[in-house]
Amino acid sequence: MGEAIETWPGRPYPLGAAYDGGGTNFSLFSEAAERVELCLFDDDGGGEQRVVLEEIDASCWHAYLPSVAPGQRYGYRVHGPWAPDQGYRCNPAKLLIDPYAKAIEGEVRWSRACFPYNFGDENSRNDDDSAAYVPRSVVHNPYFERPAERIGDLRGARQGLHLPASRHP
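It should be emphasised that the depicted structure is a prediction, and the values quoted were computed from it without experimental measurement.

Asker: Can you walk me through the sheet that holds strand S2 (residues 24–29) in this structure?
Answerer: Hydrogen bonding along the main chain pairs the strands of a sheet, whether they run parallel or antiparallel. Strand order in the open sheet made by the four strands is S1-S2-S6-S5, with antiparallel pairing throughout. Looking along the sheet, the strands with just one partner apiece sit at the ends: strand S1 (16–19) and strand S5 (55–57). Averaged over all adjacent pairs, the angle separating strand axes in this sheet is 25°, with direction ignored. In terms of strand pairing, S5 meets strand S6 (residues 60–65) through three bridges, oriented antiparallel. Pairing of Asp57 across the sheet is with Cys60, part of S6.

Here you go:
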């Protein structure tokens, strides 16, 4: 993952990753963000490629990536204010799962890097990269295709009742 990824403006809604059969629209809501990066990961989870989401509508950061298909692992990095006393803890060193994801893979492997602060000082900022320790969001396929050879086997069976009736001349 090193080559530039083709990126189109996309749409602010629906939120999350929405595959449409030709590519994937990504949208994340954040009023606090000053910059949002979409992070795409290799199948083995090692390589990370970042795509800056440049389009913003109604506090939704979005882009459409025609080359992204179901199964793609991803996360976000949000740049913005660090002001814990005001409730802001934006830190691009922390990989965030998509709060609107329909699928997530992996588990948290607890490490100091998973925390936004350094132990002993909750107002300090921990800039250790958390990507190696947190789950990934996964683009899911909203389309289900039944194998064509099975449809004929179901006609007349209880499972085939939802199929259209056959026309006979």
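So, next bit.
Asker: How should the nonpolar core be read in this particular structure?
Answerer: Soluble, globular proteins show a tendency: their nonpolar side chains are buried together. Phe26, Val36, Leu38, Leu40, Leu65, Tyr74 and Tyr76 are the most contacted members of the largest nonpolar core, which totals 20 residues. Taken together, the elements giving at least two residues each to this core come down to S1, S2, strand S3 (35–41), strand S4 (48–53), S6 and strand S7 (73–79). Within the second largest apolar cluster, six residues are counted, among which are Cys39, Phe41, Leu95 and Val134.

Asker: Looking at this model, I keep getting lost on empty space enclosed by the protein. Mind explaining?
Answerer: In this approach, a probe sized like a water molecule rolls over the atoms, and the result shows the empty space that is left. Scanning the model with the defined rule gives one cavity of 30 Å³ or more in all. As for the largest cavity, its lining consists of Ala17, Tyr74, Tyr100, Ala101, Lys102, Val138, Val139 and His140. Considering only residue class, the lining of the largest cavity consists of six nonpolar, one polar and one charged.

Asker: For this particular structure, what's the right way to read the packing of aromatic side chains?
Answerer: Both the distance between ring centres and the angle between the ring planes are used here to describe each pair of aromatic rings. Considering all chains together, one arrives at eight aromatic pairs under this definition. Where Tyr19 meets Tyr143, the ring centres are 6.4 Å apart and the plane angle is 70°; that geometry is what we call edge-to-face. Pair noted here: Tyr19 is in strand S1 and Tyr143 is in the loop between strand S11 (136–138) and helix H1 (148–154), with a separation of 124 residues, a long-range link. Ring pairs connect the aromatic residues Trp110, Phe115, Tyr117 and Phe119, which therefore count as one cluster. Above the ring of Phe41, the side-chain terminus of Arg136 is found at 3.9 Å from the ring centroid.

Here is what the cut-offs are and how they apply
- Residues numbered from 1 in each chain as written.
- Predicted model: local features only at pLDDT ≥ 70, side-chain atom pairs only at ≥ 80, totals over all residues.
- Heavy atoms only, no water.
- Pairing = 2+ DSSP bridges.
- Helix = DSSP H or I, 4+ residues; strand = E, 2+ residues; numbered from the N terminus.
- Axes fitted to C-alpha atoms, helices over the stretch in contact; angles between N-to-C directions.
- Core = buried A, V, L, I, M, F, W, Y, C linked by side-chain atoms within 4.5 Å.
- Buried < 20%, exposed > 50% of the residue type's maximum accessible area, 1.4 Å probe, protein only.
- 1 Å grid on protein atoms, 1.4 Å probe; cavity = no way out; pocket = protein on both sides within 12 Å on 5 of 7 lines; lining within 4 Å.
- Points joined across faces, edges and corners; volume = space filled by probe spheres on them.
- Nonpolar A, V, L, I, M, F, W, Y, C, P; charged D, E, K, R; others polar.
- Phe/Tyr/Trp six-rings, centres within 6.5 Å; stacked < 30°, edge-to-face > 60°.
- Lys NZ or Arg CZ within 6 Å of the ring centre and 35° of its normal.

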